[in-house]
Amino acid sequence: ATGGGGLQEFKLADIGEGIAEVQLTELFVKVGDSVKEMDNLCAVESDKASVELTSPYTGKVASIKFKVGDTVKVGSVLVEIETG
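First, a word on scope: everything that follows refers to the structure included in this document. No experiment lies behind these values; they were computed from the predicted model shown.

Analysis parameters
Residues numbered from 1 in each chain as written. Predicted model: local features only at pLDDT ≥ 70, side-chain atom pairs only at ≥ 80, totals over all residues. Heavy atoms only, no water. Pairing = 2+ DSSP bridges. Helix = DSSP H or I, 4+ residues; strand = E, 2+ residues; numbered from the N terminus. Axes fitted to C-alpha atoms, helices over the stretch in contact; angles between N-to-C directions.

**Some thoughts on the sheet that holds strand β2 (residues 21–27)**
For step 1, the next point in the chain: Taken together, four strands build an open sheet; the order of strands is β5-β4-β2-β7 and the sheet is antiparallel. Only two strands of the sheet have a single partner each, and these edge strands are β5 (50–54) and β7 (71–73). This sheet shows a mean twist of 40 degrees between the axes of neighbouring strands, independent of strand direction.
For step 2, the next point in the chain: Bridge analysis of β2 against β7 gives three bridges, and the strand direction is antiparallel. In the sheet register, V22 faces β7, and the bridge partner there is V72.

Right under this line is the structure:
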């Protein structure tokens, strides 16, 4: 893509505590939504904590790789965001 746009992958980061996977408990966006940096994308839960994850990008939600209730491993792509 030209002009610095393109598809950015939002991956589940290591949230610490030695947690290898979490459950996706809530999605705050759907495909086609516009998001800004720091907007909440989704909520995940481990056996220790519930965490809301925010977008590192401003753009449009291009795809969502999981659905609520799914188990997501650290490093998995959760959402793809089209920027630029």
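**Things to note about the sheet that holds strand β1 (residues 6–11)**
For step 1, the next point in the chain: Within the open sheet, the four strands sit side by side as β1-β8-β6-β3. Their pairing is antiparallel. Looking at which strands have only one partner, the edges of the open sheet turn out to be β1 and β3 (34–35).

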